[in-house]
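Results of the structural survey
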Amino acid sequence: MKKFLSLALFSGILLMSVNAHAQTDPKTPEDKSKRPSPPAMASATTTKGVTIKIDYSQPSLKGREIGKTVEPKKDTVWRTGANEATTFEINKDVTINGKTLPAGKYGFFTIWHGDTWTIIFNKTSDQWGAFNYNAADDILRVDVPNMKPTSMSEKMTFWVDKDGKVTLAWGNVSFDFMVM
């Protein structure tokens, strides 16, 4: 009986250590869908053949108030989502509200000013949050008005339509811009 209990105890410890190793092994990819702010994507190909793809993590309000208990904080660079910085990718040279943006993949940041937003396309697309954001790497900045969304959105959400209109809505804030 002692041998059986010792074997069972040893087996249990072995199984727990294998499971713990699997959870921390850098070779085992993280299941990002289990994060509190899971990954999301908005994409479309416009009528002019421009493919627009936005990869972001989708935070929820959970009773918090934008600008007070959850980002974006007023007049501060924000990764426009959660976790890794949001990325904005286009397959062709375009104009954003009339300003030129070359084809490529960009870090997508914003600054909320209350009544307006500054939309930032930064050449460093692969970074965590806005901790290493460098304004010297900005390719384009565009100012757009803040709009009141038609309905409150618990989760931050991007939409891209076939005409090239990109919209972000979250809580009581929203903006859009045109990709032509």
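These remarks concern the structure in this document. (Residues numbered from 1 in each chain as written. Predicted model: local features only at pLDDT ≥ 70, side-chain atom pairs only at ≥ 80, totals over all residues. Heavy atoms only, no water.)

This paragraph deals with the overall build of the chain. Counting its secondary structure elements, the chain contains one helix and twelve strands. For the chain, the α and β elements follow one another from N to C terminus as α-β-β-β-β-β-β-β-β-β-β-β-β. Taking the contacts inside the chain whose residues are at least 6 apart along the sequence as the reference set, 55% of them involve residues at least 24 apart. (Helix = DSSP H or I, 4+ residues; strand = E, 2+ residues; numbered from the N terminus. Contact = heavy atoms within 4.5 Å.)

Time to look at the pairing of strand S11 (residues 165–171). With six of seven residues buried, S11 lies mostly within the body of the structure. Relative to S11, strand S10 (residues 153–160) runs antiparallel, the two being bridged by five bridges. When the bridges of S11 are listed, Phe-158 appears paired with Leu-168. Between S10 and the antiparallel strand that follows it, S11, lie four residues; Gly-164 among them carries a positive phi value of about 95°. As paired elements, S11 and strand S12 (residues 173–178) share six bridges and run antiparallel to each other. (Buried < 20%, exposed > 50% of the residue type's maximum accessible area, 1.4 Å probe, protein only. Pairing = 2+ DSSP bridges.)

By size, the foremost hydrophobic cluster in this structure holds 35 residues, and its most contacted members are Phe-88, Ile-96, Phe-121 and Phe-177. Residues Ala-85, Phe-109, Ile-120 and Tyr-133 belong to the second largest nonpolar core, which totals five residues. (Core = buried A, V, L, I, M, F, W, Y, C linked by side-chain atoms within 4.5 Å.)

Oppositely charged side chains can form a pair if their charged atoms are brought close together. For the coordinates displayed, the defined rule picks out five salt bridges. Taking the shortest distance from any N to any O, the salt bridge between Lys-123 and Asp-137 comes out at 3.8 Å. Separated by 14 residues along the polypeptide, Lys-123 in the loop between strand S8 (116–122) and strand S9 (138–145) and Asp-137 in the loop between S8 and S9 bring together distant segments of the chain. Here Asp-176 makes a salt bridge to Lys-165, at a shortest N to O gap of 3.6 Å. Placement of Asp-176 in strand S12 and of Lys-165 in strand S11 is noted, with a sequence separation of eleven residues between them. (Salt bridge = Lys/Arg side-chain N within 4 Å of Asp/Glu carboxyl O.)

The subject of this paragraph is the sheet that holds S10. Spatial strand order, S10-S11-S12: three strands in an open sheet with antiparallel pairing. A single partner strand is all that each edge strand has here, and the edge strands are S10 and S12. In this sheet, adjacent strand axes meet at a mean angle of 5° when their direction is disregarded. (Axes fitted to C-alpha atoms, helices over the stretch in contact; angles between N-to-C directions.)

Among the secondary structure elements, Thr-87 is positioned in strand S4 (residues 86–90). In this view, Thr-87 contacts Lys-53, Ile-54, Asp-55, Lys-105, Tyr-106, Phe-108 and Ser-125; residues no more than four positions away in its chain are not counted.

What follows is about unusual backbone geometry. Glycine aside, residues mostly have negative phi, and peptide bonds are mostly found in the trans state. At the junction of Glu-71 and Pro-72, the peptide bond is cis and its omega measures out at 5° in the coordinates. For Pro-72, the position within the fold is in the loop between strand S2 (51–57) and strand S3 (77–78). Although it is not a glycine, Asn-83 adopts a positive phi angle of roughly 60°. You can see Asn-83 is positioned in the loop between S3 and S4. Take Asn-83: its relative accessible area is 15%, and that puts it in the buried class. Backbone geometry places Asn-97, a non-glycine residue, at a positive phi of 50°. Tracing the chain through its elements places Asn-97 in the loop between strand S5 (94–96) and strand S6 (99–101).

Within the secondary structure, Tyr-106 sits in strand S7 (residues 104–112). On the basis of relative accessibility, which here comes to 6%, the residue Tyr-106 falls in the buried class. Every residue in contact with Tyr-106, bar those within four places of it in the chain, is listed here: Thr-86, Thr-87, Phe-88, Leu-101, Phe-121, Asn-122, Lys-123, Ser-125 and Ile-139. A polar side-chain atom of Tyr-106 sits 2.5 Å from the main-chain carbonyl oxygen of Pro-102. (Polar contact = N/O pair within 3.5 Å; in protein donor to acceptor, adjacent residues only side chain to side chain.)

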